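Fold and contact review
Read off the chains here:
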Amino acid sequence: MKILKFGGSSLATIDRIRDVATIVLEEARRGPVIVVVSAFQGVTNQLLECARLAAKADRRSEAAWKKIVHRHRSAVDDLLGKRRSARLRSRVNTLLGELHEVLHGIQLLGHGPPRALDLVASFGERLCALVVATHLSRFHAARFVDARQFVVTDDQFTNANVHFGKTNQAARRFFAELFRSNGRRPIPVVTGFIGSTSDGQTTTIGRNGSDYTAAIVGAALSANVIEIWTDVDGVLSADPNRVASAFVLPRITYEEAMELSYFGAKVLHPAAIAPAVAKGIPLLVKNTLNPKAPGTLISRAGKNGDHLAKGITSIAGLTLLTLRGLSMVGVPGNAERLFRALASRGVSVILISQASSEHTICFAVRDTDAAAATAAARQEFRLELHHKLTSLDEKPDQTIIAVVGDQMKGHPGVSGKMFGALGRHNINISAIAQGASERNISCVVDTAQQSRALNIIHGAFFERRKRLALFVIGTGNIGGTLLRQLHEQRHYLLSRGFDVTVIGVANSKRFLLDCSGINLGRWREELAASRRRMDLRTLACEIGKLELTDAAIVDCTAADSVVQAYPDFVRANLHIITPNKRANVLPWRRYVSLMNLLRERQIYFLDEANVGAGLPVMSTIRDLIASGDTIKKVEGIFSGTLSFLFNSFDGAIPFSELVQTAHNNGLTEPDPRDDLSGEDVARKLLILARQTGSKMEISDVEVENLVPRNLAVGKFSPRFFTLLARHDAFMSARFKRARSRGAVLRYVGTLERSRARAGIKEFPRDHPIAATKGSDNIIAFTTKRYAHTPLVIQGPGAGADVTAMGVFSDILKLLHYLPH
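A few points on the structure. (Residues numbered from 1 in each chain as written. Predicted model: local features only at pLDDT ≥ 70, side-chain atom pairs only at ≥ 80, totals over all residues. Heavy atoms only, no water.)

1. A closer look at the sheet that holds strand S21 (residues 575-577)
What links the strands of a sheet is backbone hydrogen bonding, and the strands pair in either a parallel or an antiparallel sense. Threshold: Pairs of strands are assigned from DSSP output, requiring at least two bridges between the strands. Only runs of H or I of at least four residues qualify as helices and only runs of E of at least two qualify as strands under DSSP, and these elements are numbered from the N terminus. The contact rule is simple, with two residues in contact once any of their heavy atoms fall within 4.5 Å. Every angle, taken between N-to-C directions, lies between 0 and 180 degrees, and every axis is a line fitted to C-alpha atoms, over only the stretch in contact when it is a helix.
Overall, mixed pairing links the six strands, which are arranged S19-S18-S17-S20-S21-S22 in an open sheet. Since the sheet does not close on itself, it has two edges, and those belong to strand S19 (511-513) and strand S22 (605-606), each with one partner. Examined bridge by bridge, strand S18 (residues 498-506) and S19 share three bridges and lie antiparallel to one another. Counted as the bridge partner of Gly-504 is Leu-513 from S19. Sheet strands touched by helix H18 (residues 536-545): strand S17 (466-473) and S19. Its angle to S17, the strand with the most contacts, is close to 165°. Helix H29 (residues 800-817) contacts S17, S18, strand S20 (551-555), S21 and S22 of the sheet and is inclined by roughly 145° relative to S17.

Have a look at this one:
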């Protein structure tokens, strides 16, 4: 036998009631079933509101009652049609009339005693069960069953206790008679939520009472399974409204279900399933809207599966109170005093944490109980507080996050995984608690961090792929190329276990943001159509609000303004990946401040493309230093533009003409003076110097500027090349002098003995730096280990493709740095 329980959400509309009937009839074809129903969705609350209004003699009580009348009469007509519904309509009208009389009695009394409220609330289930049973009877024999006929309770109205001995006996007798007296076995449709005292007074058994009724009936009749039909596919690993990657758990144990329920998961109330647990009857949570989904089986033995944890859940709206002081140490009974005082005020404690030193006792209560809890603690420890031997701290707006799973028991590292994940993401933990069963680990965090904490812990325990959200700032050559590369490599990254989603792009005028990911095939059109004006602080705030687990901004600009906003992005817990050199050449104090902030917030700053584009220059110097080597000298060609110019300069073509050709071919900045000034080389030298521990400033770098003084100011125009030609003789003379000595000219940067210089230098023709081609960079590291033969890195050091590749490699590094 199966017990099928349908809650209010499964009976919210006429179509859903028809879906329920289809499910019931299908199950009935397979074997005997008993159906338990709640009131139609929202009706219980409407009934109690009616009673509240009636107690105040509020005229709106009549209108509220009429609304309930209309809803049930409409359900009858829609399900059966007006011609066939006369008999049911008469029975429904009788019940609605009785309800009206009870409400009138409450109005005369001037208040609603608990016994009257239980009677009022009972009409929801009675009306619903009657309607559903009559609808089913059109297709299969069905009977309306009032649970008050066999569920026997005490008189603790609104939350009555079930007398199981009497109830089990009465239920067996009732259903045996029902099935024996009917030729064709009918489908009983039982009212959930309600029972009655031994003398026949109506009671309710708690707001999860319909689940409870199903368990009571199932246990009494030794059912094979109790199916709880809801509007979700089963028990989820987390709240899907907060954790997008939450998934249905195929199996969990009774104990796991109880732990998840206690800590806020909308599964089943522990008390509601206790009778089934006692009898070892499995429960199956199914979805009325998706009946083919397998659901979640809750039983004595859950399937182990691949995950240590089974679910992550939370309780918000809490206040954390901490009693601390030396007077607590070694004094027996303090905890008992505290909890006795709280109990006397009717305060329920949600979580308790006590230090082994006995110096502190932390406990969490609901915000609504905070004032009473504080008063109780202050009264009980008034002497200690008066003499300042003890203090009481109050921290509102707290949330408990709980990780639940039977397999966590005896498994080392589970707590470390949870707390390590939160710590890496800068989420502060206010308190920690773990049950003796090791089935549950709980911590308390600020409610403002609730969603983010849930996502972080869920990712740590359940995610098979590493997820990374990217926001790309700067959509020019490098940014556009990077977006193309990310689009093309999407399937490759997924195959390697990396889920990289570009959630936004921005240029200097506007930005586009979508936490589910933007279409990388249409980002240009969507960005052009965006109405969101670019403001870096607003952008940092908007991304922060998304509470992403792992996210990074990719700064593909050369703008100072973006670097000024880096602290805002860091405080929004965003890693930074960038080819933009501006951050690494900030004035020393600001540079140190930014680096310290990155360390404090445990944020990665990845800047491989700062020097040498896609060449591994930054990682090489860092690896050399980290492995204990000492940098003696760094020398090389750091500018792709200047490399091209001097590799091409053979005396046949004037230097100014080569500059113009490079500009026409897109090998220079829009203003070629930016390249000729040598400032870009100076920045790269400063960046490398700071990697060695130098406190050098940009002003300390000696720079040979190839732009004549009279051409260095003013707006760039094509006339620049004509004016530059007047200085060709100077460059030609330098070339001839070098050639006469068997040497060539190269524009190089040199870092040696805490001194940095960028300028033209002669090299013998057989020197590696003299042998470069095209726009290649070449950087030679002379170190303690590489003293006789320098370590040389050579290759293209400029261009959108190779620079974007350098940024892409940093994205891959970040993915490898992030923990599973």
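Now that the structure has been shown, we can carry on.
2. A word on the pattern of salt bridges
The criterion, for reference: Each salt bridge in this description consists of a side-chain nitrogen of Lys or Arg and a carboxyl oxygen of Asp or Glu lying within 4 Å of one another. Only protein chains enter the accessibility calculation, which uses a 1.4 Å probe; a residue whose area is less than 20% of its type maximum is buried, one above 50% is exposed, and one in between is partly exposed.
The tally for this structure, following the rule as stated, stands at 40 salt bridges. A salt bridge links Asp-406 to Arg-439, with the shortest nitrogen-to-oxygen separation between them at 2.4 Å. Here Asp-406, found in the loop between strand S14 (391-404) and helix H13 (414-424), pairs with Arg-439, found in the loop between strand S15 (431-434) and strand S16 (440-446); they are 33 residues apart in sequence, far enough to count as distant. For Asp-607, the salt bridge is made with Arg-622, and the minimal N-O distance between the two is 2.8 Å. Of the two residues, Asp-607 sits in the loop between S22 and helix H22 (617-626) while Arg-622 sits in helix H22, which places them 15 residues apart along the sequence. Asp-607 sits in the buried class, given a relative accessible area of 1%. Assessed through its relative accessible area of 33%, Arg-622 is described here as partly exposed. Look at the salt bridges and you will find they share partners, linking Lys-2, Glu-26, Glu-27, Arg-29, Arg-30 and Glu-227 into a network.

3. A short note on the pairing of strand S4 (residues 187-191)
Most of S4 is tucked away: five of the five residues are buried. As judged from the three bridges shared by strand S2 (residues 33-37) and S4, these two strands associate in the parallel manner. Paired with Val-37 across the bridge in S4 is Thr-191. Relative to S4, strand S3 (residues 142-145) runs parallel, the two being bridged by four bridges. Each bridged residue has a counterpart across the sheet, and for Phe-144 the counterpart in S4 is Val-189.

4. Describing helix H15 (residues 477-488)
Because an α-helix completes one turn every 3.6 residues, residues spaced three or four positions apart along the sequence face the same direction. Note the following rule: Residue count minus one, scaled by 1.5 Å, sets the expected span of a helix.
Its twelve residues give H15 an end-to-end C-alpha distance of 16 Å, which sits within 8% of 16 Å, the value for a rise of 1.5 Å per residue. Three or more residues of H15 are buried, namely Gly-479, Gly-480, Thr-481, Leu-482, Leu-483, Gln-485 and Leu-486. Buried positions along H15 lie against S17, helix H16 (490-495), S18, helix H17 (523-529), S20 and H29.

5. Digging into helix H1 (residues 14-30)
Taking 1.5 Å as the rise per residue, H1 with 17 residues should run 24 Å; its terminal C-alpha atoms sit 25 Å apart, in good agreement. Looking only at H1, the buried set comprises Ile-14, Ile-17, Val-20, Ala-21, Ile-23, Val-24, Leu-25, Glu-27 and Ala-28. Close packing links the buried residues of H1 with strand S1 (2-6), S2, helix H3 (60-80), helix H5 (114-136), S4 and strand S7 (225-230).

6. Examining the packing of aromatic side chains
Stated formally: For Phe, Tyr and Trp, rings pair up if their centres lie within 6.5 Å, where Trp contributes its six-membered ring, and each pair is then called stacked (planes under 30 degrees apart), edge-to-face (over 60) or tilted (otherwise). For a Lys NZ or an Arg CZ to count as sitting over a ring, it must be within 6 Å of the ring centre and within 35 degrees of the ring normal.
Tallied over the entire structure, the rule returns 17 aromatic pairs. When the ring of Phe-716 is compared with that of Phe-721, the centres are 5.9 Å apart and the planes differ by 80°; the resulting orientation is edge-to-face. Taken together, the ring pairs in this structure connect Phe-150, Phe-174, Phe-175 and Phe-179 into an aromatic cluster. Between the NZ or CZ atom of Arg-126 and the centre of the ring of Phe-123, over which it lies, the distance is 4.3 Å. When the ring centre of Phe-179 is taken as origin, the NZ or CZ atom of Arg-185, which lies over that ring, is 3.8 Å away.

7. So, the sheet that holds strand S12 (residues 349-354)
Sheet architecture is open: six strands sit in the order S12-S13-S11-S14-S16-S15, paired in antiparallel fashion. Edge positions in the sheet fall to S12 and S15, since each has one partner strand and no second. Averaged over neighbouring strand pairs, the angle between their axes works out to 30° when direction is ignored. As defined by bridge partners, S12 adjoins strand S13 (residues 360-366) across five bridges and the pair is classed as antiparallel. Following the sheet pairing, Gln-354 is matched in S13 by Ile-361. In the packing of helix H10 (residues 334-344) onto the sheet, contacts are made with S12 and S13, and the angle to S13 comes to roughly 20°. Where helix H11 (residues 370-380) meets the sheet, it contacts strand S11 (311-324), S13 and S14, and its direction lies at approximately 125° from that of S14.

8. Side note on the side chain of Thr-230
Topologically, Thr-230 is positioned in strand S7. Judged by relative accessible area, Thr-230 falls into the buried class, the value being 17%. Discounting residues that sit within four places of it in the chain, Thr-230 has contacts with Ser-9, Ser-10, Val-285, Lys-286, Asn-287 and Thr-288.

9. With respect to unusual backbone geometry
Positive phi outside glycine occurs at Thr-158, with the angle close to 75°. A relative accessible area of 40% places Thr-158 in the partly exposed class. Its identity is not glycine, yet Arg-753 carries a phi of approximately 50°, on the positive side. With respect to the secondary-structure elements, Arg-753 resides in the loop between strand S25 (743-752) and strand S26 (755-764).

10. A look at the nonpolar core
Proteins that are soluble and globular tend to have nonpolar side chains buried together. Heads up, the condition is: What makes a nonpolar core is a set of buried Ala, Val, Leu, Ile, Met, Phe, Trp, Tyr and Cys residues whose side-chain atoms join them at distances within 4.5 Å.
Ranked by internal contacts, the top residues of the largest apolar core, which has 54 residues, are Val-24, Leu-136 and Ile-187. Listed by contribution, the elements that provide at least two residues to this core are S1, H1, S2, helix H2 (43-55), H3, helix H4 (86-109), H5 and S4. In this structure, Val-634, Leu-642, Leu-706 and Ala-743 belong to the second largest nonpolar core, which totals 49 residues.

11. Description of the pairing of S14
The two faces of a sheet get side chains in turn, since along a regular strand they alternate between them. Bridge count for S11 against S14 is eleven bridges, and the pairing is antiparallel. Counterpart to Leu-318 in the pairing with S14 is Gln-398. By the bridge criterion, seven bridges tie S14 to S16 in an arrangement that is antiparallel. Residue pairing across strands places Gln-398 opposite Asp-446, the latter belonging to S16.

12. What to know about the side chain of Asp-680
Condition: What qualifies as a polar contact is a pair of N or O atoms within 3.5 Å, subject to a donor-acceptor requirement within protein and to the restriction that residues adjacent in sequence count only when both atoms come from side chains.
As for its placement among the helices and strands, Asp-680 is situated in helix H26 (residues 679-691). A polar atom in the side chain of Asp-680 sits 3.2 Å from the side chain of Lys-581.

Fair warning: the whole summary comes from geometry, so function is off the table for now.
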